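# Understanding the architecture of this molecule
Read off the chains here:
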Amino acid sequence: MKRSLNVFLLCLIALSSLAQSKKQKTGDPLAGIDTLLNRILKDQQVAGFAVAVVKDDQVIYSKGFGYRDLESKKPVTPNTLFAIGSSTKSFTSSLIGLLQKEGKLSLDGNATSYLPQLKFYNDNMNNQITVRDLMCHRTGLSRYDLSWFVFNSSNRDSIIQRVRYMEPTAAVREKWQYNNFMFLAQGMIVEKLTGKTWEQNIKEKFFDPLEMNRSNTNIFELEKDSDASLPYTVNDKGAIEKIDYFNIDGMGPAGSINSSVNDMTHWLKVWISGGTYKGKEILPSSYIGEAASSQMVMNGGLPGKDEDIFLATYGFGWMINSYRGHYMVEHGGNINGFSASVSFFPADKLGIVVLTNQNTSNVPGIIYSSIADRMLKLKSVDWNGRATKEKIAAKEREKAVKKTAENAHVLNTKPSHPLKDYDGLFDNPAYGVISVSLKNDSLFAIMGKEKLLLRHYHYDVFSISGIDKKGKIDTAVSDLRFNFMSGQDGKIEELSLPLERGMKPAIFAYKPRVVDLSAELLEHYTGSYGENGMSKVYLKGKVLFVSVPGQPEYETVFVGNDTFSFKNLKGFSLKFENKEGTKKASSVSFVQPNGTFKQVRKD
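The text that follows walks through the structure, step by step, so that each part is easy to find. (Residues numbered from 1 in each chain as written. Predicted model: local features only at pLDDT ≥ 70, side-chain atom pairs only at ≥ 80, totals over all residues. Heavy atoms only, no water.)

## With respect to the overall build of the protein chain
A tally of regular secondary structure across the protein chain gives 17 helices and 31 strands. Here the C-alpha coordinates of the protein chain stretch approximately 135 × 60 × 45 Å along the principal axes. Burial status across the protein chain gives 48% buried among its 603 residues. The contacts in the protein chain between residues at least 6 apart in sequence include a share of 56% that link residues at least 24 apart. (Helix = DSSP H or I, 4+ residues; strand = E, 2+ residues; numbered from the N terminus. Buried < 20%, exposed > 50% of the residue type's maximum accessible area, 1.4 Å probe, protein only. Contact = heavy atoms within 4.5 Å.)

## A closer look at the sheet that holds strand 29 (residues 573-577)
Overall, antiparallel pairing links the 8 strands, which are arranged 24-25-26-27-28-29-30-31 in an open sheet. Of all strands in the sheet, those bounded by a partner on one side alone are strand 24 (527-529) and strand 31 (595-600). Taken pair by pair, the neighbouring strands of this sheet meet at an average axis angle of 30°, ignoring direction. By the bridge criterion, 5 bridges tie strand 25 (residues 535-540) to strand 26 (residues 543-547) in an arrangement that is antiparallel. Counted as the bridge partner of Val537 is Val546 from strand 26. (Pairing = 2+ DSSP bridges. Axes fitted to C-alpha atoms, helices over the stretch in contact; angles between N-to-C directions.)

## Here we look at the packing of helix 2 (residues 33-43) against helix 15 (residues 363-375)
Contact geometry for helix 2 and helix 15: axes closest at 11 Å, N-to-C directions at 160°. Of the possible angle classes, the one that applies to helix 2 and helix 15 is roughly antiparallel. Crossing hand, helix 2 versus helix 15: right-handed. Contacts between helix 2 and helix 15 involve Ile33, Leu36, Leu37 and Ile40 from the former and Val363, Ile366, Ile367, Ser370, Ile371 and Arg374 from the latter. Here the residues of the contact of helix 2 with helix 15 sort into 8 nonpolar, 1 polar and 1 charged. (Parallel < 35°, antiparallel > 145°, perpendicular 65-115°, else oblique. Left-handed = near helix turned anticlockwise from the far one by under 90°. Nonpolar A, V, L, I, M, F, W, Y, C, P; charged D, E, K, R; others polar.)

## Considering the packing of aromatic side chains
Within the structure shown, the criterion is met by 37 aromatic pairs. With centroids separated by 5.9 Å and ring planes inclined at 40°, the aromatic side chains of Trp271 and Phe344 adopt a geometry described as tilted. Linking Trp271 in helix 13 (residues 261-273) with Phe344 in strand 14 (residues 338-345), this pair joins segments that are 73 residues apart in sequence. The class of Phe344 is buried, set by a relative accessible area of 1%. Three or more aromatic residues joined by ring pairs make a cluster, and in this case those are Phe91, Phe206, Phe207, Trp267, Trp271, Tyr287, Phe316, Trp318 and Phe344. Across from the ring centre of Tyr67, 5.5 Å away, lies the NZ or CZ of Lys73, which sits over that ring. Above the plane of the ring of Phe444 lies Lys439, whose end atom (NZ or CZ) is 6.0 Å from the centre. (Phe/Tyr/Trp six-rings, centres within 6.5 Å; stacked < 30°, edge-to-face > 60°. Lys NZ or Arg CZ within 6 Å of the ring centre and 35° of its normal.)

## Some details on helix 13
For helix 13, built from 13 residues, the straight-helix expectation of 18 Å at 1.5 Å per residue is met to within 8% by its first-to-last C-alpha distance of 18 Å. Burial runs high along helix 13: 11 of the 13 residues are buried. For helix 13, the full list of buried residues reads Val261, Asp263, Met264, Thr265, His266, Trp267, Leu268, Lys269, Val270, Trp271 and Ile272. Looking one or two places after helix 13, you find Gly274, whose phi comes out positive at around 90°. (Expected span 1.5 Å × (residues − 1).)

## Notes on the side chain of Thr563
Along the polypeptide, Thr563 turns up in strand 28 (residues 563-566). Among the polar contacts made by the side chain of Thr563, one reaches the main-chain carbonyl oxygen of Asn561 at a distance of 3.1 Å. (Polar contact = N/O pair within 3.5 Å; in protein donor to acceptor, adjacent residues only side chain to side chain.)

## With respect to the environment of Phe207
In this structure, Phe207 sits in helix 10 (residues 198-207). Expressed as a C-alpha distance, the spacing of Phe207 and His266, which sit 59 residues apart in the sequence, is 9.3 Å. Among residues more than four places away in sequence, those in contact with Phe207 are Phe91, Ile202, Met212, Ser215, Asn216, Thr217 and Ile257.

## Quick word on the nonpolar core
Counting 116 residues, the largest nonpolar core has Ile434 and Phe482 as the members making the most contacts within it. Setting aside residues up to four positions removed in sequence, Phe482 forms contacts with Ile434, Ala445, Met447, Leu452, Leu454, Asp460, Val461, Phe462, Ile464, Leu495, Ser496 and Leu497. Counting residues in each nonpolar core, the second largest holds 29 residues, with Met328, Phe345, Leu350 and Ala387 among its members. (Core = buried A, V, L, I, M, F, W, Y, C linked by side-chain atoms within 4.5 Å.)

## Some thoughts on the side chain of Ser565
Within the secondary structure, Ser565 sits in strand 28. With a relative accessible area of 15%, Ser565 lands in the buried category. Excluding anything up to four places from it in sequence, Ser565 contacts Pro512, Glu555, Thr556, Val557, Val559, Phe572 and Ser573.

## Examining the pattern of salt bridges
Under the criterion given, the structure shown has 23 salt bridges. One salt bridge connects Glu281 with Lys101, and the closest N-O pair in it is separated by 2.6 Å. Separated by 180 residues along the polypeptide, Glu281 in strand 9 (residues 280-281) and Lys101 in helix 3 (residues 89-101) bring together distant segments of the chain. A salt bridge links Asp244 to Lys469, with the shortest nitrogen-to-oxygen separation between them at 3.3 Å. Of this pair, Asp244 sits in the loop between strand 6 (240-242) and helix 12 (252-255) while Lys469 sits in the loop between strand 20 (461-467) and strand 21 (481-486), and the two are 225 residues apart along the sequence. Relative accessible area serves as the criterion here: at 72%, Lys469 is assigned to the exposed category. Through salt bridges with shared partners, a single ionic network connects Glu102, Lys104 and Lys205. (Salt bridge = Lys/Arg side-chain N within 4 Å of Asp/Glu carboxyl O.)

## Some words on the environment of Phe49
Looking at where Phe49 falls in the secondary structure, it is placed in strand 1 (residues 48-55). On a C-alpha basis, the gap between Phe49 and Gly530 in space is 75 Å, while along the polypeptide they are 481 residues apart. The residues contacting Phe49, other than those within four sequence positions of it, are Leu37, Ile40, Leu41, Lys63, Gly64, Phe65, Val76, Phe82, Leu355, Thr356, Val363 and Ile367.

## A few points about a negative patch on the surface
On the surface, a cluster of negative charge is made up of Asp236, Glu241, Glu398, Asp468, Asp474 and Asp479. On the accessibility criterion, Glu241 (36% relative accessible area) is partly exposed. (Patch = residues over 30% accessible without salt bridge, like charges linked within 9 Å, V, L, I, M, F, W, Y side chains within 5 Å. Areas by Shrake-Rupley, 256 points an atom, 1.4 Å probe, with all protein chains shown as cover. Lys, Arg positive; Asp, Glu negative; His and termini not counted. Charge placed at Lys NZ, Arg CZ, Asp CG, Glu CD.)

## Some points on the sheet that holds strand 2 (residues 58-69)
Pairing within the open sheet is antiparallel, and its 9 strands lie in the order 3-2-1-15-14-13-12-11-10. Each having just a single partner strand, strand 3 (74-75) and strand 10 (296-297) make up the two edges of the open sheet. Judged from the 2 bridges that link them, strand 2 and strand 3 form a sheet pairing that is antiparallel. When the sheet's bridge partners are listed, Tyr67 is paired in strand 3 with Pro75. Against the sheet, helix 2 makes contact with strand 1 and strand 2, and its axis sits at roughly 30° relative to strand 2, the strand it touches most. Those strands touched by helix 13 are strand 1, strand 2, strand 14 and strand 15 (350-356), and its axis lies near 150° from that of strand 15.

Shown next, in the form of structure tokens:
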């Protein structure tokens, strides 16, 4: 009897343990997740991150890990502000959705008709491209990111003007190509049709009604907030290093929202619910349906080894794919020192937001995958371990690429010109102006806000190294190289830079530095030259012009050493000569591609 009782008690204990085990598995799918997230924090070398999970209309998890300020050991909280980068895009396109609801525009209306200052490379693009095309990256334009990133400006009109000089790499709607300028264009359409800034619209239409009281659209507001994260990267030595905040207010509609995971759960609730927040409509359900559905194929969706991606498409500010058999809508974000991911699973009523203060980090993907596995009751995958292995493999690939580049380096060559001949301005209207200057015996360049040292690599190609605001030269040498090219006259005419992967290099045309001269000094060059005084050199205000019979007048700019370049005629210039003791120029040489022609003063 006693033995039977013991067996009975053991059975009860076993059943009780099984019931508790089942309860743990079914009751809290995120039990023990903190241990994993702390391991990710360590293994992936991150200063900090925050995570929040929404199920149905409830926030079931919200927590910070690591530090928002590593040096001062200030911890990340669920209310810590991070830059969310391109996760901003779903907000911007949603403003367009609201304008469509109000009847102020049609998604299939011509984009340039709503924003006249938006002009594309040719009339075919101007006539074809719709607002919908802007929203799902199918205009035919590739990224051109260095145009706004390096040649940064707060002036949106100035930035959007560059689009007309951007040569397409595909026909309209032929190919998906990510382009931040098209989200700037959407924001500017919103500004034009509402009479309010994009920032005001975001606050009034989303931040205020969604009680996103911590969120803002300005990097300076982020910087002064008492619970804001600092930006970090992992340097070449493998150490976490603080970097500067990066102001992209000019391109704001493409990526300048700053938020916390707690605030972003309110945004996720709108999308999970089909457009409402606390019973109030924020977005029309019809817009939600379009925005979270396939508008453009991004790439092939056939599953590879150990993968479960059966589609890869883009909606409006959202990327759409499958996650291990579940429909997933997601958009990441990266901007200097920050990475983000905002995702939701419509059929599963699940939303996940991950914000981190690490530059171009894979941590958001590792975390949302690990959480989704638990929430969707899928077989566990060691995403953290996979990422660690991939990081090692990426370093090996980087070494191989570097070795290949070293093999391409031609030794024992020298520049074709004295270094002073490379001094000047180089302009590309789709990007901006690069200033190259000779100081002592070294060439330096200013490219946007970047200061660079140019070192001779081979022939007329120079490698570049960054110079920080303290004047310290970066020991790392960029893969980007300046290639100077000469014209038929042998003078430096262009600078070639491979700024777009898969595209031909961008060409920056040489422009000599303009030196202002007084009208009194310019008078020394005026007069009639050549046979019967056929060439006329004269002043209009403080600008020197030249005319010859049968041709239009030409405006010139002074470039030093008694030389004037033709303003709008590449390869043409005037070189004046003075006889000793004379005040006025005694002769002028017309320097042009087919030769140099000297004319003597006649008056």
